Amino acid sequence: MIKEEKIIVFDDVIVIPSLSPVEPSQVDLRTMVTGNIELYVPLVSSPMDTVTEHQMAVKLAKLGGIGVIHRNMSIDDQLHQVILVKETDTTSLLEDIASRGNNINLHLSGSRCKLTIEDVELYNQDEMDEILSVCRLKSRYPIKPVTGKDGLLAVGAAVSPFDLRRIKKLDGVADILVVDVAHAHNVNVLNSLSKVSRDIESDLIVGNIGTREAVLDVIAKLDKVDGLRVGISSGSICSTGEVTGAAAPTLWAVIKAREALEELGLHGKVPIIADGGIRSPADIVKSLIAGASAVMVGRMIAGTRESPSQLISVGGGVYKQYRGMASPSSTRRRYAVDRYGGNVKKVSEGVEGLVPYSGSLASVVEHVVYSLQAGLGYAGAARIRDAWKARLGLLSESAKKEIKPHDLVT
Ligand code: IMP
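For clarity, every value in this text was computed on a predicted model and none was experimentally measured. (Residues numbered from 1 in each chain as written. Predicted model: local features only at pLDDT ≥ 70, side-chain atom pairs only at ≥ 80, totals over all residues. Heavy atoms only, no water.)

Right, let's talk about unusual backbone geometry for a bit. Most of the time, phi is negative for any residue but glycine, and the peptide bond is trans. Note that the residue after Gly207, namely Asn208, is joined by a cis bond; omega there is 0°. Relative to the helices and strands, Asn208 resides in strand β10 (residues 203–209). We note that Ser233 has phi near 85°; this positive angle belongs to a residue other than glycine. Relative to the helices and strands, Ser233 is located in the loop between β11 (227–230) and α8 (240–244). (Helix = DSSP H or I, 4+ residues; strand = E, 2+ residues; numbered from the N terminus.)

This is how it looks when you write it as structure tokens:
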């Protein structure tokens, strides 16, 4: 049977400009990632073994987002990673920089950040980039460390819905438990979660899902849903669509999830986290307008200093490894560290490769903040909630060409 449904993706749409009540620098990017945890920047890092361990989670929380520790390790190791985040002080990155030594003088007055560094040679390029990014950000946007109800840095932890021992161990320690399966709209997944969801103390984000029906079933079946992880098969390292023929591309999935939440009167109460295929701040702006509260990113930050993979030098370039959690090497590792962690699929739905090294996470976040403020400015939105009222337009094929740089010899 063919049920014709037009599936739109990020490149098919554009933000329609609208009257803006504020200047871009005044756009407020605060958002709820669950019903309880507020971010200053709508960024969540993917629970992947080449993206999020404690270094990434600490830095991202201090930059106003939140990290989700991957589960490709033993339960005790994952708990330890969460505790390392919790044991880190909650001082801002600016205070961290100021406390590094007396050759850095930071003058803070109001939102201004004036910096003098007496001995620049003490710092490598990445550290300098980080210091400058954090200082510039301070002058532009009031980022604060994100904390949980324990007053400590906030952090999420990925869990399989079938790994009840892991859920029990991490519950109440991590601020958010993030269900980490490719297709959460599955009877066994929902049955397993429905037995434990009521007793979970941490916030619970459920995913991945990609249709209106999935949202309705998840909400109907579970006693507790604090957020939805939405999008199937758009990830940069994902081969699900190619291997299985199934996909719910992220932008379309967000639109469908929003429709379902609106039907239930829950849009804005149960946050949508758009996950997979976010290549640029423009894709974040489009996700927000479609109805998301935040985005989950892997590729965008996999090349930063804070990701756990090693630097690799190839042909004069510097790279980091980035791989899907369902790639052959990642599933081998999962089986090696936790043979009881759940079924390993018989086919790989992920690939692996290299991404260019991109320096400090702070410089990526700085770029995202400025671009989101500008994008929301065009959309006429002073806050993320206002972006939900903005409009996306469908592009014709010729419009897609015209809105990119063209007719230049470069
Ligand atoms: P990216 O930001 O486009 O790189 O996508 C990251 C997202 O891809 C993650 O947050 C997961 O939802 C998803 N993902 C991670 N590993 C795999 C995989 O092996 N196969 C399919 N999707 C994956």
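What follows concerns the packing of helix α1 (residues 54–62) against helix α2 (residues 75–86). Closest axis-to-axis distance for the α1/α2 pair is 9 Å, and the angle between their directions is 35°. Along this stretch, α1 crosses α2, giving a crossing that reads as right-handed. Where α1 abuts α2, its residues His54, Ala57 and Val58 lie against Gln81, Leu84 and Val85. Grouping the amino acids of the contact of α1 with α2 by side-chain chemistry returns four nonpolar, two polar and no charged. (Axes fitted to C-alpha atoms, helices over the stretch in contact; angles between N-to-C directions. Left-handed = near helix turned anticlockwise from the far one by under 90°. Contact = heavy atoms within 4.5 Å. Nonpolar A, V, L, I, M, F, W, Y, C, P; charged D, E, K, R; others polar.)

Bringing the site of the ligand into the picture now. Looking at the ligand, there are 23 residues lining it, with Ser236, Asp275, Tyr322, Ala326 and Glu349 nearest. Residue Asp275 places a side-chain N or O atom 2.5 Å away from an oxygen atom belonging to the ligand. Between Tyr322 and the ligand, the recorded distance is 2.5 Å, taken from a side-chain N or O atom to an oxygen atom. Compared with its free state, where it exposes 510 Å², the ligand has 90% of that area covered by protein. When its residues are assigned to classes, the shell around the ligand shows eight nonpolar, eleven polar and four charged. (Near = heavy atom within 4 Å. Polar contact = N/O pair within 3.5 Å; in protein donor to acceptor, adjacent residues only side chain to side chain. Areas by Shrake-Rupley, 256 points an atom, 1.4 Å probe, with all protein chains shown as cover.)

Bringing the domain arrangement of the chain into the picture now. Splitting the chain by domain gives domain 1 (10–86 + 143–402) and domain 2 (93–140). A separation of 30 Å is found between the C-alpha centroids of domain 1 and domain 2. Listed by partner, the interface residues are 17 residues for domain 1 and eleven residues for domain 2. For the pair domain 1 and domain 2, the summed buried area comes to about 1,200 Å², and 53% of that belongs to carbon and sulfur atoms. Counting the contacts that link domain 1 with domain 2 gives four salt bridges. (Domains from an automatic or database assignment. Buried area = accessible area lost by both parts, 1.4 Å probe. Salt bridge = Lys/Arg side-chain N within 4 Å of Asp/Glu carboxyl O.)

It is worth spelling out the pairing of strand β13 (residues 294–297) at this point. Here β13 shows two buried faces, one formed by Ala294 and Met296 and the other by Val295 and Val297. In terms of strand pairing, strand β4 (residues 43–45) meets β13 through three bridges, oriented parallel. Within β13, the residue paired with Ser45 across the bridge is Val297. Two strands pair when backbone bridges link them, and strand β12 (residues 272–275) and β13 are joined in this way by three bridges, in the parallel orientation. The partner of Ile273 across the bridge, within β13, is Ala294. Tracing the backbone out of β12, into helix α10 (residues 281–290) and back to the parallel element β13 gives a crossover that is right-handed. (Buried < 20%, exposed > 50% of the residue type's maximum accessible area, 1.4 Å probe, protein only. Pairing = 2+ DSSP bridges. Right-handed = clockwise from strand over helix to strand, strands pointing away.)

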